[in-house]
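So the chains spell out like this:
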Amino acid sequence: MTDATISGGSQPARTIEPSLCRVMGPWLLLLFIVGDILGTGIYALTGQVAKQVGGAVWLPFLVAFVVALMTAFSYLELVTKYPRAAGAALYTHKAFGIHFVTFIVAFAVMCSGITSASTASRAFAANMSHAFNLNYATTGITIIGLLFMAGVAAINFRGVGESVKLNVVLTLVELSGLLIIIFIGLWAIGLGQGDVSRVMEFRTAGDGSVFWPVIAATTLAFFAMVGFEDSVNMAEECEDPTRIFPKVLLAGLLITATIYVLVSISAITLVAPEQLGEGETPLLQVVQAGAPSFPVEIFGFITMFAVANTALINMLMASRLLYGMSRERVLPGMLGKVHPARRTPYVAIGFTTLLAFGLITFVGEVPALGGTTALLLLCVFTVVNVAVLVLRRDPVGHQHFRTPTILAVLGALSCAFLAGPWTGRDPVQYKIAGILIAIGVVLWVVTLLVNRATGLKPAEPDMADIGGRGPVN
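Residues numbered from 1 in each chain as written. Predicted model: local features only at pLDDT ≥ 70, side-chain atom pairs only at ≥ 80, totals over all residues. Heavy atoms only, no water.

Below, the discussion takes up the overall build of the protein. In terms of regular secondary structure, the protein is built from 17 helices and two strands. Of all 473 residues assigned to the protein, the portion counted as buried reaches 56%. When contacts within the protein are restricted to residue pairs at least 6 apart in sequence, those whose partners lie at least 24 apart make up 84%. Summed over its atoms, the accessible surface of the protein is roughly 18700 Å², and 67% of this surface lies on carbon and sulfur atoms. (Helix = DSSP H or I, 4+ residues; strand = E, 2+ residues; numbered from the N terminus. Buried < 20%, exposed > 50% of the residue type's maximum accessible area, 1.4 Å probe, protein only. Contact = heavy atoms within 4.5 Å. Areas by Shrake-Rupley, 256 points an atom, 1.4 Å probe, with all protein chains shown as cover.)

To continue, consider the pattern of salt bridges. In the structure shown here, the tally under the stated rule is two salt bridges. Where Glu-274 meets Arg-203, a salt bridge forms, and the shortest distance between an N and an O atom there is 3.7 Å. Remark: Arg-203 occurs in the loop between helix H7 (164-190) and helix H8 (211-221) and Glu-274 occurs in helix H10 (residues 273-276); sequence separation between them is 71 residues. With relative accessibility at 30%, the residue Arg-203 sits in the partly exposed group. (Salt bridge = Lys/Arg side-chain N within 4 Å of Asp/Glu carboxyl O.)

Bringing the environment of Val-296 into the picture now. Looking at where Val-296 falls in the secondary structure, it is placed in helix H12 (residues 296-327). What Val-296 contacts, discounting residues up to four positions off in sequence, is Ala-131, Leu-284 and Gln-288.

By size, the foremost hydrophobic cluster in this structure holds 141 residues, and its most contacted members are Phe-107, Met-110, Leu-178, Phe-222, Phe-228, Tyr-260 and Met-325. Considering each element in turn, this core owes the most residues, 16 residues, to H12. (Core = buried A, V, L, I, M, F, W, Y, C linked by side-chain atoms within 4.5 Å.)

This part is about the side chain of Asn-156. Its place among the elements puts Asn-156 in helix H6 (residues 138-158). If we skip the residues at most four places from it in the chain, Asn-156 touches Met-315, Leu-316, Ser-319, Arg-320, Thr-344 and Ile-349.

Take the environment of Met-70 next. Summarising the element assignment, Met-70 is placed in helix H3 (residues 58-81). The spatial distance from the C-alpha of Met-70 to the C-alpha of Val-409 is 9.0 Å, given a sequence separation of 339 residues. Every residue in contact with Met-70, bar those within four places of it in the chain, is listed here: Asn-385, Leu-407, Leu-410, Gly-411 and Ser-414.

Counting across every chain of the model gives 18 aromatic pairs. Plain terms: the ring middles of Phe-103 and Trp-444 are 6.4 Å apart, the flat faces sit at 25° to each other, and that makes the pair stacked. Taken together, the residues span a long stretch of sequence, with Phe-103 in helix H5 (residues 99-131) and Trp-444 in helix H16 (residues 427-454) at a distance of 341 residues. A ring pair is formed by Phe-211 and Trp-212, whose centres lie 4.9 Å apart and whose planes are at 80°; its orientation type is edge-to-face. The class of Phe-211 is partly exposed, set by a relative accessible area of 43%. Exposure remark for Trp-212: the relative accessible area of 34% places this residue in the partly exposed category. Among the aromatic side chains, those forming a connected cluster through ring pairs are Tyr-75, Tyr-91, Phe-222, Phe-228 and Phe-381. (Phe/Tyr/Trp six-rings, centres within 6.5 Å; stacked < 30°, edge-to-face > 60°.)

As a packed pair, helix H4 (residues 88-96) and H5 sit with axes 8 Å apart at the nearest point and diverge in direction by 165°. Relative to H5, H4 is oriented roughly antiparallel. As for how H4 packs across H5, the hand of that crossing is right-handed. Taking contact as the criterion, the partners of Ala-88, Ala-89, Thr-92 and His-93 in H4 are, on H5, His-99, Val-101, Thr-102, Val-105 and Ala-106. Across the contact of H4 with H5, the residue classes break down as five nonpolar, four polar and no charged. (Axes fitted to C-alpha atoms, helices over the stretch in contact; angles between N-to-C directions. Parallel < 35°, antiparallel > 145°, perpendicular 65-115°, else oblique. Left-handed = near helix turned anticlockwise from the far one by under 90°. Nonpolar A, V, L, I, M, F, W, Y, C, P; charged D, E, K, R; others polar.)

This part covers the confidence of the model for the protein. Scored by pLDDT, the protein has a mean of 85; 89% of the residues are at 70 or more. The model gives residues 1-21 a pLDDT under 50, and that stretch makes 34 contacts with residues more than four places away or in other chains. (pLDDT = per-residue confidence, 0-100.)

So, on to helix H1 (residues 26-37). Taking 1.5 Å of rise per residue, twelve residues should cover 16 Å, and H1 covers 17 Å from first to last C-alpha, within 8% of that figure. Restricting attention to buried positions, one finds in H1 the residues Leu-29, Leu-30, Phe-32, Ile-33, Val-34, Gly-35, Asp-36 and Ile-37. Note on H1: the residue one or two positions beyond its end, Gly-39, has a positive phi of about 155°. (Expected span 1.5 Å × (residues − 1).)

This part takes up the environment of Ala-412. Checked against the element boundaries, Ala-412 lands in helix H15 (residues 405-418). Each C-alpha atom of the pair Ala-412 and Ala-387 lies 9.7 Å from the other, and the pair is 25 residues apart in sequence. Not counting chain neighbours up to four residues away, the residues in contact with Ala-412 comprise Thr-382, Asn-385 and Val-386.

Before going further, it helps to spend a moment on H5. In a regular helix each residue adds 1.5 Å, so 33 residues correspond to 48 Å; H5 covers 47 Å between its end C-alpha atoms and thus fits that length. The buried fraction of H5 amounts to 27 of the 33 residues, a majority that puts the element mostly inside the structure. A positive backbone phi angle near 55° is found at Asn-133, which sits one or two residues after H5.

A word on a nonpolar patch on the surface. A contiguous nonpolar patch, built from Phe-96, Ile-98, Phe-100, Val-101 and Val-386 and spanning about 360 Å² of accessible area, is present on the exposed surface. Mapped onto the secondary structure, Ile-98 falls in the loop between H4 and H5. Ile-98 gets classed as partly exposed once you look at its relative accessible area, which sits at 44%. (Patch = residues over 30% accessible without salt bridge, like charges linked within 9 Å, V, L, I, M, F, W, Y side chains within 5 Å.)

As a further point, take the side chain of Ser-116. For Ser-116, the position within the fold is in helix H5. Residue Ser-116 is classed as buried on the basis of its relative accessible area, which comes to 0%. Excluding anything up to four places from it in sequence, Ser-116 contacts Phe-223, Thr-310, Asn-314, Thr-373 and Val-472.

Rendered as structure tokens:
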């Protein structure tokens, strides 16, 4: 295909680009998916999940896996039906065709990336303090988190060329840390250390029920399962995506869920839930309890590396998504400015970094930030599960995966249920999410007024602009 441009009316000119090179086979795609799911969630929130549910810390991760799996089936139908580099916002626009709804979904995805990166920066600071015996207090950890985020912004501004091969290396590093935890746990159990019976101990609610504590813990654990939806953006670079995508995505989810359950069992066997829930470095505690002679600095470095990767990728995504929405004339044009030398969206980078600074400074705690990420994405996933049913009226001329209708319905209902206040979710998460979305709505209204004054109209959403990468864990 030769390059050409398409324009019309008040719409900006579009450039038709050559199709992407299909270089990803099933194994490379599997590593990409596993790498996107593994990350900050399991490293930072295991202790907080234990605080909610007690010794059965593995169960919320398992429930989160089931909910994610149902939504994954919806994504599979969409990505094989429209095998392009799209995302939740563009599936939403294709289903409903309402610019404001599309914008809200895109902005919520962007905000989830910022809250995820802020969670990672806090986890980075806490692990650095604990692993190297710096013993920083809350203020010190906040300062380190801010400095870390500033460093991420500097790298983002300079420009980062991402590649799937680099993702493989990062995945292996993240995976090595979790395998160390599993090995330490199994070794300790084999030697008769720890208390395996704790894995079936539940913390009950006031009425003696275990249901609501498990649900409350699942709202946190769900953060550990995000990232699978980002793989749809690799569809154009996969060999025969309609055939291999369903098997590989489901295998990736199953592998990560198995790792999470084994890590949870190892952790709770070696460290009591009350102790595991203290502080922000739960897996470091497991290493120290199960293998006192293991150099904790090495594991601390692995953890820091894993969460640093999460922060960088998410801030890259957030700034580019903000830049893309500016290009579509649904956010102020200032946010779409590109630095003449670095060729990076420096205003969008600065804006998203300031939002992250505010979250790290005024929210700070990992559970609130991680829980807000899960809340935003549960709302987005609810819309996606509905969109797949609406788009059944849009037939395409090729074979594609079709998810059972009942799974899409259950996916929508379960995501909506887990996003509700009846789950015991900390109210501060709704405040954080509400403030972030309100900022977006204000910017949208300002842009709308400016567009009307100048006679401009929002462009039809473009895949390259607002359908790009979503948040990763």
